[in-house]
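# Architecture at a glance
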2 protein chains.
Amino acid sequence: MTRILVVDDEPQILRALRINLRARGYDVEVADSGAAALKAAASHPPDLVVLDLGLPDLDGTEVIRGLRGWTTVPIIVLSGRAGSEDKVAALDAGADDYVTKPFGVDELLARIRAVTRRLAPATPAVPALRVGRNTVDLADRTVTRDDGTEVRLTPTQWAMLEKLLRNPGKLVSQRQLLRDVWGPGYEQETNYLRQYMAQLRRRLEDDPARPRHLITEPGMGYRYRP
Amino acid sequence: MTRILVVDDEPQILRALRINLRARGYDVEVADSGAAALKAAASHPPDLVVLDLGLPDLDGTEVIRGLRGWTTVPIIVLSGRAGSEDKVAALDAGADDYVTKPFGVDELLARIRAVTRRLAPATPAVPALRVGRNTVDLADRTVTRDDGTEVRLTPTQWAMLEKLLRNPGKLVSQRQLLRDVWGPGYEQETNYLRQYMAQLRRRLEDDPARPRHLITEPGMGYRYRP
DNA sequence: AGCCCTCGTGAAAAGCGCGTCAAGAATGCG
DNA sequence: CGCATTCTTGACGCGCTTTTCACGAGGGCT
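The shown structure was predicted, so the numbers you read here are calculated from the model rather than taken from an experiment. (Residues numbered from 1 in each chain as written. Chains lettered and ligands numbered in written order. Predicted model: local features only at pLDDT ≥ 70, side-chain atom pairs only at ≥ 80, totals over all residues. Heavy atoms only, no water.)

### Observations regarding the sheet that holds strand 4 (residues 75–79) of chain B
Residues and elements named next belong to chain B.
- Overall, parallel pairing links the five strands, which are arranged 2-1-3-4-5 in an open sheet. On the outer flanks of this sheet lie strand 2 (27–31) and strand 5 (97–100), each paired with one strand and no other. Each strand axis lies, on average, 20° off the axis of its neighbour in the sheet, ignoring direction.
- Strand direction decides the pairing type here: strand 3 (residues 48–52) and strand 4, joined by four bridges, are parallel. Bridge assignment links valine 50 to a residue of strand 4, and that residue is isoleucine 76.
- Packed onto the sheet, helix 5 (residues 105–119) meets strand 1 (3–7), strand 3, strand 4 and strand 5 and runs at close to 155° relative to strand 4. (Pairing = 2+ DSSP bridges. Helix = DSSP H or I, 4+ residues; strand = E, 2+ residues; numbered from the N terminus. Axes fitted to C-alpha atoms, helices over the stretch in contact; angles between N-to-C directions. Contact = heavy atoms within 4.5 Å.)

### Structural notes on the protein's contact with DNA strand D
- For DNA strand D, the set of nearby residues contains 17 residues, the closest of which are Arg152 and Tyr192 of chain A together with Arg152, Thr156 and Tyr192 of chain B.
- Here the atoms of DNA strand D within 4 Å of the protein split so that 79% fall in sugar or phosphate, with bases taking the remainder.
- Separating a phosphate oxygen of DNA strand D from a side-chain N or O atom of threonine 154 of chain A is a distance of 2.7 Å.
- In this structure, a phosphate oxygen belonging to DNA strand D sits 2.4 Å away from a side-chain N or O atom of arginine 152 of chain B.
- Elements with a minimum of two residues in the surface near DNA strand D: helix 6 (155–165) and helix 8 (190–204) of chain A together with helix 6 (155–165) and helix 8 (190–204) of chain B.
- In terms of residue count, helix 8 of chain A provides more of the surface near DNA strand D than any other element does, four residues in total.
- Per-class residue counts for the surface near DNA strand D are eight nonpolar, seven polar and two charged. (Near = heavy atom within 4 Å. Polar contact = N/O pair within 3.5 Å; in protein donor to acceptor, adjacent residues only side chain to side chain. Nonpolar A, V, L, I, M, F, W, Y, C, P; charged D, E, K, R; others polar.)

### A short note on the protein's contact with DNA strand C
- Among the 16 residues in the neighbourhood of DNA strand C, the closest are listed as Gln174, Arg194 and Thr216 of chain A together with Gln174 and Thr216 of chain B.
- Sugar plus phosphate, as a fraction of atoms of DNA strand C within 4 Å of the protein: 45%.
- One nitrogen or oxygen atom from the side chain of glutamine 174 of chain B is found 2.7 Å from a phosphate oxygen belonging to DNA strand C.
- Elements with a minimum of two residues in the surface near DNA strand C: helix 8 of chain A together with helix 8 of chain B.
- Ranked by the residues each element gives to the surface near DNA strand C, the list is headed by helix 8 of chain B, at four residues.

### Let's talk about the side chain of lysine 163 of chain A
- Assignment of secondary structure puts lysine 163 of chain A in helix 6.
- Sequence-distant contacts of lysine 163 of chain A, defined by excluding residues within four places in its chain, comprise Val172, Gln176, Leu177 and Asp180 of chain A.

### A look at the packing of helix 6 of chain B against helix 7 (residues 174–182) of chain B
All names here are of chain B.
- At a minimum axis separation of 10 Å, helix 6 and helix 7 run at an interaxial angle of 135°. The angle between the axes of helix 6 and helix 7 places the two elements in the oblique class. Both helix 6 and helix 7 take part in a crossing whose hand is right-handed. On the side of helix 6, the interface is formed by Thr156, Ala159, Met160, Lys163 and Leu164, while helix 7 contributes Gln176, Leu177, Asp180, Val181 and Trp182.
- A per-class count over the contact of helix 6 with helix 7 returns six nonpolar, two polar and two charged. (Parallel < 35°, antiparallel > 145°, perpendicular 65-115°, else oblique. Left-handed = near helix turned anticlockwise from the far one by under 90°.)

### Examining the packing of aromatic side chains
- Across all of its chains, the model carries six aromatic pairs over all chains by this definition.
- With a centroid separation of 5.3 Å and 50° between ring planes, the pair formed by tryptophan 182 of chain A and tyrosine 192 of chain A is classed as tilted. You can see tryptophan 182 of chain A sitting in helix 7 (residues 174–182) and its partner tyrosine 192 of chain A sitting in helix 8, a full 10 residues away along the chain.
- Note on tyrosine 186 of chain B and tyrosine 192 of chain B: the rings are 6.3 Å apart at their centroids and 40° apart in plane angle, and the pair reads as tilted.
- Residue tyrosine 186 of chain B is classed as partly exposed on the basis of its relative accessible area, which comes to 35%.
- Ring pairing ties together the aromatic residues Trp182, Tyr186, Tyr192 and Tyr196 of chain A, which thus form one cluster. (Phe/Tyr/Trp six-rings, centres within 6.5 Å; stacked < 30°, edge-to-face > 60°. Buried < 20%, exposed > 50% of the residue type's maximum accessible area, 1.4 Å probe, protein only.)

In C-alpha cells:
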C-alpha cells in the first residue's frame, strides 16, 4: 500500500486529507510541524510526502532540503502563496509538484496519482534472487531454503538485505546503508552494519565465515554478488 | 542536451517559449497541432513535452494518450482552463504536471527542472574503462580481469584510480591527487603516490615495470591513458 | 662527468576496520 | 503484567591497510 506522510499545522486540513486519502486506500501518516515531519520520515520512510509550506517551526524549503539530503521520495507542496518565486524556490529545493490553496481534493489526488505513477516502474519486479541455498523474494518478503523451510528475518535485517539485493553487483557504501536503513544521523554507527551483516550471513550464507554472496569491501561498504 | 517538444497553436506563445527555453540551454522543437506533435515525437523522440491543451485539431487528452501509447516521456500540460475536471482528466491521461494560464515563465522553467530532475538518474552513463587486461567499472566499483576473476582494491587504491580514470588522458598533478585522496595537508607526501601507483600497476598493468595506461609524467604528476 | 633530485621498489611498524561474543535496553505480544 | 523478540551498546583479537623508512636506478642540469 502506498504510504503518504501529510505535513500541515492546520488540524482541519490534516483531518480532511487524512480522511480523503484513507478513503482512497492510501496509508496515511501525519505530522504537524517540520521537525516532526523529518523525524517521522526518518523513522518510517513514506512513499510520498504532502507538505504544507506554512509551518510554524521551519521554513518549507528547509524541510524539503532536510528530506532531499537522504531520500528521493516524491514531495508535493501545498501553499497559500501563489507567488512565482515561492514556487520556484520550492521546486528547485527538490519538490516534485506545487499546489496553490485553495485546491480541490480531486486535483490533489490526481497529482498524487501522477507522481506515484512515475514511481511504480522504478521497481520492475525482481522476483527471485538466490543467496546460497536460499531464494529471496523481494515482492512478498520471503526467504525460502531449498528444503522448503522459511527463513524469518527481522525488519532491520530485511531493510539491509533489500538495499543490497536491489543493487546486484554494485558496491553499497556504509554511509548509504546506514542512511537508508536507520535514517540520517546514523552514518557513524558502523557497528550496526557488522552486527546485522553477521546475522544475515548466519541465516543465508552456506558458510557464514566465508561469505560468497554478501561480500565485505573493507573500508568501503558491502556488495551482493549473485 | 535536453530536447523539449513544445506544442501550441498560438504563434506568440510558441515563440516566447522557444526563445526562453533556448536561452536556458534546451534543445527546442515546436509543433502547432496535435497531429504535428505526435508526428514530431515519433520521428524524433524528445526528452520532455510541453503541451497546450487548446489545440484546434485534437483534444488535449487525446494527444496525451497518443504519446503514452508508446513512450513515458514527461508531459507538462499548459491550459487556460482552471477547472478541476480538466486537470484530473489530463493528469490521469498521463500528464506529469498541469500549469494554468496565465503562467510565469519562471514557474514553467522550475517545473521543467523538477520533472527532468527525476529523469536524470535513469540514464547514469555506465563508464566501463579498460586498463590492460582489466575492465574497471566505476559505478559498481569492480575490476574484472579478462579471465573473469575479480581484482580487489583497497579504499586508497580506489580513490587514486578513480581520480585518474575520471580524467582520461588528462594530466593529474601530484598536488591534486594528494589533496583529493588524502586531504589537504598531505601535498608533500609524494612517496604515498609512488607507493600506491606501484600497487595499482602491479594489479592492473600487463607489465608493471613498463606501464602503458598509468603513466608517470616526471616532475608533474600522473595520467591515465586509455 | 659529477651531482642532485625524483621515481620505483622492498620491507617493517603502526593503526584501524572487521568479525565476533556478550549483555543491557526497548519493543511488541499475549 | 510477564515473556520473547529485536534493537542498541560495549569490548576484544586478528588481519589487512596504511604509514613510514631505506636504498638503488635513471635522468636532467651545471
